Every structure is written in structure tokens, then in C-alpha cells.
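# Tertiary structure, described
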Amino acid sequence: MLALTREISSAIGGCQLTHLAREPIDLSLARSQHRDYERALESLGCTVRRLPADETMPDSVFIEDTTVVLPEVAVLARPGAQSRRLEVSAVAAALEPLRPLFHVESPGTLDGGDVLVIGRTIFVGRSTRTNDAGVEQLRAAVAPFGYAVDTVSTSGCLHLKSAVTAIDERTVLINPRWVSRQPFQEYRQIDSDPSEPGAANVVSVGGQVIAAASFPRTCAHLEEQGVRVTRVDASELAKAEGALTCCSVLVS
Ligand code: CIR
């Protein structure tokens, strides 16, 4: 498994914020935590390829939002935040040798953080970042390959994957306060701890997960349910409303 990551821009202090108040971000601590995250990916068998930062793009470390990579095609997103749209071209260049590319175009907007792929079902959060035209363009791009696209509403969070992520093709980790359980009723549902709102966002590689150490109850609960958990400290990027999936694009 290849994991694309992107170095943290020295402009991260000017990141987009939706739910949090701005706090200073310690760039060197953030970079060291990001390297630990990359090491965690490597420990789960990924080969990490880090793209260079762009100093004019504060949020470019959150590479997940720029694309949805499937075995058959890479859909290049058109991020909902205008300041993030130029992030896509470097990711497109990295993916071009690996997949046919499809570009979401205006008036569509789509953030990869709103797209949860589980087998042949693709759940898309209708958020402040992803609009109906973006969802329709994604649907058209993936329908030829047999994927069904289901739209899901969220409340209180930035992206769908803030509220629910897949551990494997049968199991989701969910925060039912931010997203309804109903669209996910065919899956085994493990709840994040109610006292840890952002904890439903984990990176899964082969059924093992990378989870934020700041959510100890959810980590322990996952382990009780038989899931192997690698903990990483991601406190600095959390101040930029970045979770764990946002910092990589997995290409199988
Ligand atoms: C933003 O607001 O776009 C960034 N500050 C955080 C993006 C986090 N991405 C994600 O959850 N997929």
C-alpha cells in the first residue's frame, strides 16, 4: 500500500477554521508529530511518499481532501474552501502515473474528507464543503465501475469522516451524535466514546488502525472489540481541525 502524505506548510497558522478558535500551532512539534504519523503508516506496511509543502497553501498537509482514489480511477476533488483549490494539482501529478484521473469541476465542490469508501458503497457527506453538483460528478465518475453513491447528512462536524470511518469492510467506528446510524445499519458499529467527540476518525490499514492518543477511551474500547490500535499524538494539527485520515491518501 502506498501512502501519499504532504509536508506541513510553514503557513499552517493561516489554515481554514470552521468550529475551533484559532490557536498558535508549534510548527516544529507539528512536523515531528507528522513524522510519527508517517512512521505509524510504515509500521502497518505502507510505503510513504511525502509530497513537498507549498508555502502559499496553509492546509496542504490535509492531502485527503484533494482526491478520492479507487482501484479503477482517481477522482480529483474541487475543495469547498477556495483557499484550498490550488492544492489539487501537485496531487494530480503524483497520481497521474498510477490511475486514470477524473476532475470534479465547477460548480461542483467536493472534499475527500466527506467521502467514505466501504467496498462498492461510497458514502458522501453533504457538508459546507461538498455540494450536490460535486456528489453528482463523483457518482458519474464511479458508476461505470459498479460503485453506489449514498449521500449522508452530518451535524456539528467538518466532514463525514470526522463522524464515521471504516475499520474494515464490515465494521465502522461512529460518533452517533454527529451522523445518523441509519445509513450504516448493515455494518457492525463501534461507537466512539461520548466524551471524545473527534475520536471516530481513524486510519485503517488492513483492519488495524492508527488512532489519536488524545482519545484514550475510544482507543481502549476499540482494543476491547479486538481491533489493533497504534496511537499517535496529533495534537498540533488538531488545532487546524485536521484529524488522522486527512493527512494521507492510501493507494492500494
Ligand atoms: C480545513 O478546514 O480545510 C482544514 N483546516 C482541515 C481539514 C481537515 N480535513 C479533513 O478532515 N479531511
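Structure: see above.
Before going into details, it helps to say that this report is about the structure given with it. These figures come from a predicted structure and were not determined experimentally. (Residues numbered from 1 in each chain as written. Predicted model: local features only at pLDDT ≥ 70, side-chain atom pairs only at ≥ 80, totals over all residues. Heavy atoms only, no water.)

## With respect to the site of the ligand
Taken together, 14 residues surround the ligand, and among them D59, E64, R84, R129 and A240 come closest. The side chain of D59 places a nitrogen or oxygen atom 2.8 Å from a nitrogen atom of the ligand. A distance of 2.8 Å is found between a nitrogen atom of the ligand and a side-chain nitrogen or oxygen belonging to D65. Considered on its own, the ligand offers 350 Å² of accessible surface; in the complex 98% of this is hidden by protein. Taking a 2 Å distance to the grid points as the criterion, the majority of the atoms of the ligand fall inside the second largest pocket. Residue classes in the shell around the ligand are distributed as four nonpolar, four polar and six charged. (Near = heavy atom within 4 Å. Polar contact = N/O pair within 3.5 Å; in protein donor to acceptor, adjacent residues only side chain to side chain. Areas by Shrake-Rupley, 256 points an atom, 1.4 Å probe, with all protein chains shown as cover. 1 Å grid on protein atoms, 1.4 Å probe; cavity = no way out; pocket = protein on both sides within 12 Å on 5 of 7 lines; lining within 4 Å. Sits in = over half its atoms within 2 Å of the grid points. Nonpolar A, V, L, I, M, F, W, Y, C, P; charged D, E, K, R; others polar.)

## A word on the pairing of strand β14 (residues 229-232)
Note that strand β13 (residues 208-212) and β14 share four bridges and pair parallel. If you follow V209 over to β14, its bridge partner there is V229. For the crossover that starts at β13, traverses helix α5 (residues 216-224) and ends in the parallel β14, the hand is right-handed. (Pairing = 2+ DSSP bridges. Helix = DSSP H or I, 4+ residues; strand = E, 2+ residues; numbered from the N terminus. Right-handed = clockwise from strand over helix to strand, strands pointing away.)

## Some details on the packing of aromatic side chains
What the rule picks out here adds up to two aromatic pairs. Ring geometry for F123 versus Y187: centroids 6.1 Å apart, planes at 75°, classification edge-to-face. Taken as a pair, F123 in strand β7 (residues 121-126) and Y187 in the loop between β10 (171-174) and β11 (188-191) lie far apart in primary sequence, 64 residues in all. Among the aromatic residues, ring-to-ring pairing joins F123, F184 and Y187 into one connected group. We note R120 situated over the ring of Y147; from NZ or CZ to the ring centre the distance is 4.3 Å. (Phe/Tyr/Trp six-rings, centres within 6.5 Å; stacked < 30°, edge-to-face > 60°. Lys NZ or Arg CZ within 6 Å of the ring centre and 35° of its normal.)

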